[in-house]
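Listed below, chain by chain, are the residues.
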Amino acid sequence: MKKIKSDLVVVHAKQLLTLQCRAKGARSGSNMRELGIIEDGAIYVKDGNIAAVGPTDEVASKIDLSRVRVLDCSGKVAMPGFVDSHTHLLFSGHREEEYFRRLQGASYEEIQKSGGGILRTVRETRRASREELLNNSIKILDSMLTHGTTTVEIKSGYGLNTENELRLLSLCREMNEKHGIEVVPTFCGAHAIPEEYQAKADEYVSLIVNEMLPAVGRQGIAEFCDVYCERGNFSPHEAKRILQAGKTYGLTPKIHADAFEYRGASDVAVEVDAVSADHLTKTPPNLIERLASAGVIGVLMPAFDFTLGSETYANARGMIERGLPLALATDLSPACMTESMQLVIALACLKLRMTPEEAITAATVNSAYALGRGEKVGTIEVGKQADIIILDIPNYRFIPYHFGVNLVEQVVKRGIPLFKRAS
Ligand code: ZN
């Protein structure tokens, strides 16, 4: 249930991270280190949007504090809510035993071949009732919200037939209406080749192009189209065919690229003018340059590699040096069970060698651009939606430094306080 909007003002934030920067669009290079910090900062929120930002004495002098709700953030950090730009959180079941098999040496591909992995979740998700799927997903969204995420992308992809893919996307729409978190829907019917099409991948690709995409387009229930372009799933050629068809129905392309090996998926991102290429763990340097000059955003998900027990991570330093804007996401799925963008930021610093400033930029404004919402969320600027989180920490470096716990104390979405930690 949506609550009634009331004006509020955040005051005395020890550090207010506005993420304001002169550069337009997704941030790259040294602009990824620009957090736009205001000491003793304040944000005035009117009708769900940001109406004033600045030092507390300046903002407070313009408003009658007795008429608005006041959030005193003395000693704390205020910043934009996290944007999680890549998840598969709409599913039934769980796969913890596979997780431990992987840690004992089984590969992701071996598990998939033995009937586990994505196809197991597809079987369980097809069987699950609408209510069960909704309850599972809302539980995850609740946890994401308390960890500071205010916008999340959700992919379909555990249906793998027209009826079930449409069912999952309609559940995304329902969650967006029912939950405080803003849900961005992505059609990912090309997540895996379903069991009934194992020996005839071509036919499944034709089903996506000729039946699923037109239906998704007619119903207007997705904004993006994504393809899992890895060995054993979809080839670069098939990915290109699907993403180009998706464009004709108004779906912006995204692609799972180079997670396990480089086989041309990031080239497809350039060729179809994708908004993002996601994973990029094995992307060669010349492709990083091509992605950067094509204006593609790299979405990195170190929690996924972490749960693989991998020692190989994306070359984030090389990407930033080559001017590729980077975003971060959880990649939440039954294979990677974390809701926490705070943990992702910690892993980005530890494993990707990103600086805290770069990781925070990637988890907010750049992630918003990866979802086509960079003009609306991801920074604290006048006119933008008031998606604000307050963390009980003395400075922003504590986000990666004090890891493994929830540092978020309050969450405000569209000007409405949705979460406050019990004190
Ligand atoms: Zn994914």
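Structural notes, computed from the coordinates. (Residues numbered from 1 in each chain as written. Predicted model: local features only at pLDDT ≥ 70, side-chain atom pairs only at ≥ 80, totals over all residues. Heavy atoms only, no water.)

Attention now goes to the overall build of the protein chain. A tally of regular secondary structure across the protein chain gives 16 helices and 16 strands. Against the 2.2 N^0.38 benchmark of 22 Å for 423 residues, the protein chain shows a C-alpha radius of gyration of 21 Å, consistent with a compact globule. In terms of its C-alpha atoms, the protein chain occupies a principal-axis envelope of roughly 70 × 45 × 45 Å. Across the 423 residues in the protein chain, those meeting the buried criterion constitute 62%. As displayed, the protein chain offers around 16200 Å² of accessible surface, 49% of which is attributable to carbon and sulfur atoms. In the protein chain, which carries 49 positive and 53 negative side-chain charges, the distance between the mean positions of the two groups comes to 2 Å. (Helix = DSSP H or I, 4+ residues; strand = E, 2+ residues; numbered from the N terminus. Rg over C-alpha atoms; globule rule 2.2 N^0.38 Å. Buried < 20%, exposed > 50% of the residue type's maximum accessible area, 1.4 Å probe, protein only. Areas by Shrake-Rupley, 256 points an atom, 1.4 Å probe, with all protein chains shown as cover. Lys, Arg positive; Asp, Glu negative; His and termini not counted. Charge placed at Lys NZ, Arg CZ, Asp CG, Glu CD.)

Protein-derived coordination of the zinc ion comes from His86 (NE2), His88 (NE2) and His256 (NE2), at a distance range of 2.0 to 2.2 Å. All donors to the zinc ion come from one chain, and their sequence spacing reads H-x1-H-x167-H. Across the pair, His88 and His86 agree in class, each one buried. (Donors = N, O, S within 2.8 Å, 3.2 Å for Na, K, Ca; no water.)

What follows concerns the nonpolar core. Counting 117 residues, the largest nonpolar core has Ile242, Ile255, Leu328 and Met354 as its most contacted members. Among the elements that make up this core, the one with the highest residue count is helix H7 (residues 201-219) (10 residues). Taken domain by domain, the makeup of this core includes at least three residues from each of domain 1 (8-80 + 380-420) and domain 2 (83-370). (Core = buried A, V, L, I, M, F, W, Y, C linked by side-chain atoms within 4.5 Å. Domains from an automatic or database assignment.)

Between helix H6 (residues 162-178) and H7, whose axes approach to 10 Å, the crossing angle comes to 30 degrees. Regarding the angle of H6 to H7, the classification is roughly parallel. The two elements H6 and H7 cross, and the hand of that crossing is right-handed. When H6 is examined against H7, the residues Thr162, Glu165, Leu166, Leu169 and Arg173 are found in contact with a partner set consisting of Leu207, Glu211, Met212, Ala215, Val216 and Gln219. Of the residues belonging to the contact of H6 with H7, the class tally is six nonpolar, two polar and three charged. (Axes fitted to C-alpha atoms, helices over the stretch in contact; angles between N-to-C directions. Parallel < 35°, antiparallel > 145°, perpendicular 65-115°, else oblique. Left-handed = near helix turned anticlockwise from the far one by under 90°. Contact = heavy atoms within 4.5 Å. Nonpolar A, V, L, I, M, F, W, Y, C, P; charged D, E, K, R; others polar.)

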